[in-house]
Amino acid sequence: KAGVTQTPRYLIKTRGQQVTLSCSPISGHRSVSWYQQTPGQGLQFLFEYFSETQRNKGNFPGRFSGRQFSNSRSEMNVSTLELGDSALYLCASSSGGGGYTGELFFGEGSRLTVL
Amino acid sequence: DQQVKQNSPSLSVQEGRISILNCDYTNSMFDYFLWYKKYPAEGPTFLISISSIKDKNEDGRFTVFLNKSAKHLSLHIVPSQPGDSAVYFCAASAGTYKYIFGTGTRLKVLA
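Fair warning: this is a prediction, and the values are worked out from it, not measured in the lab.

*Asks:* How would you sum up the pattern of salt bridges? Please name residues and give values.
*Replies:* For the structure shown, the criterion picks out 8 salt bridges over all chains. In this structure, the salt-bridge partner of B:D84 is B:R61, at a minimum N-O distance of 2.8 Å. Placement of B:D84 in the loop between β8 (72-77) and β9 (86-93) and of B:R61 in the loop between β6 (56-59) and β7 (62-67) is noted, with a sequence separation of 23 residues between them. A cluster of three or more residues bridged by salt bridges with shared partners is formed by A:R63, A:E82 and A:D85.

*Asks:* How would you explain the state of the cysteines if you had to name every residue and give the values?
*Replies:* By definition, a disulfide links the sulfur atoms of two cysteines through a covalent bond. All names here are of chain A. By the definition in use, this model includes 2 disulfides over all chains. Covalent S-S linkage joins C23 and C91, the inter-sulfur distance amounting to 1.8 Å. On the S-S bond that ties C23 to C91, the torsion sits near -60°, and the link is left-handed. Placement of C23 in strand β3 (residues 19-24) and of C91 in strand β9 (residues 87-94) is noted, with a sequence separation of 68 residues between them. Residue classification places C23 among the buried positions, given a relative accessible area of 0%. Overall, the relative accessible area of 0% leaves C91 in the buried class.

*Asks:* Go over the sheet that holds β8(B) with me, naming the residues and quoting the values.
*Replies:* Residues and elements named next belong to chain B. The strand order β1-β3-β8-β7-β6 describes an open sheet built from 5 strands, whose pairing is antiparallel. Where the open sheet ends on each side, the last strands, each with one partner, are β1 (4-5) and β6. Note: strand β3 (residues 19-25) against β8, 6 bridges, orientation antiparallel. Bridge pairing links I20 to H76 in β8.

*Asks:* Explain the interface of chain A and chain B to me, and be specific about the residues and the numbers.
*Replies:* Interface size is commonly expressed as the accessible area that is lost once the parts come together. Of the residues lining the interface, 29 residues belong to chain A; the matching set on chain B comes to 19 residues. Between chain A and chain B, the buried area comes to about 1,900 Å², and carbon and sulfur atoms account for 58% of it. Here chain A and chain B share 0 salt bridges between them. The interface formed by chain A and chain B includes 3 residue pairs in polar contact (both at pLDDT 80 or more). When residues of the side of chain A that touches chain B are traced back to their parent elements, those giving at least two are β4 (31-38), β5 (42-50), β6 (53-57) and β9 of chain A. Partitioned by chemical class, the residues of the side of chain A that touches chain B number 8 nonpolar, 15 polar and 6 charged.

*Asks:* Mind laying out the sheet that holds strand β1 (residues 5-7) of chain A, listing which residues take part and the relevant values?
*Replies:* All names here are of chain A. The 4 strands lie next to each other as β1-β3-β8-β7, forming an open sheet whose pairing is antiparallel. On the outer flanks of this sheet lie β1 and β7 (64-68), each paired with one strand and no other. When strand polarity is set aside, the average angle formed by the axes of neighbouring strands in this sheet is 15°. Sheet analysis places β1 next to β3, joined by 3 bridges and oriented antiparallel. Each bridged residue has a counterpart across the sheet, and for T5 the counterpart in β3 is S24.

Conventions we followed
- Residues numbered from 1 in each chain as written.
- Chains lettered and ligands numbered in written order.
- Predicted model: local features only at pLDDT ≥ 70, side-chain atom pairs only at ≥ 80, totals over all residues.
- Heavy atoms only, no water.
- Salt bridge = Lys/Arg side-chain N within 4 Å of Asp/Glu carboxyl O.
- Helix = DSSP H or I, 4+ residues; strand = E, 2+ residues; numbered from the N terminus.
- Disulfide = S-S within 2.5 Å.
- Buried < 20%, exposed > 50% of the residue type's maximum accessible area, 1.4 Å probe, protein only.
- Pairing = 2+ DSSP bridges.
- Contact = heavy atoms within 4.5 Å.
- Buried area = accessible area lost by both parts, 1.4 Å probe.
- Polar contact = N/O pair within 3.5 Å; in protein donor to acceptor, adjacent residues only side chain to side chain.
- Nonpolar A, V, L, I, M, F, W, Y, C, P; charged D, E, K, R; others polar.
- Axes fitted to C-alpha atoms, helices over the stretch in contact; angles between N-to-C directions.

Here it is as structure tokens:
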């Protein structure tokens, strides 16, 4: 079974630009979550999508957005990039079944550097 | 407000001994907990989970203990191996797929 695939793995942007990251979940998984990891901050929850709908949202500004397609693939977008957005962005998939909280399966992440 | 805390940034243990990693939480609504291991340049790997209806869950060398009254959980690794050297994260959820992660503990197992 293929794992969670994230693209691109590495990217460099400058302040003010925007970026789109992509995530393909494990086949059959319908829930996709996004996390931001920065040094000393652990993993911060961005949002979770299930069946193309945002089901949960973290405490990030509106510059961070996402969406999920009918095949469960997900994208996240960060607009007007700031230096502080430099981080590892991790995507996680899970079965997402209602009422059951299961484990998350993570991709290898997209490392974003903002100059 | 850090709802999930891992107060030890690092831990060193001799090979073959027990590693104990600790995690504290403040939200009494949390009812499902996960432990992850992370190597550099890789995504976190799921290790073990525990539901709030249990106080212990075991999987091979890994055991997680949950003390709900103290809002504390711990991960025991016995015996510790050099390949266990990584950063360990605990995470908690209140019945949704929104997980709150701790800041991690770096475990170093000395050969």
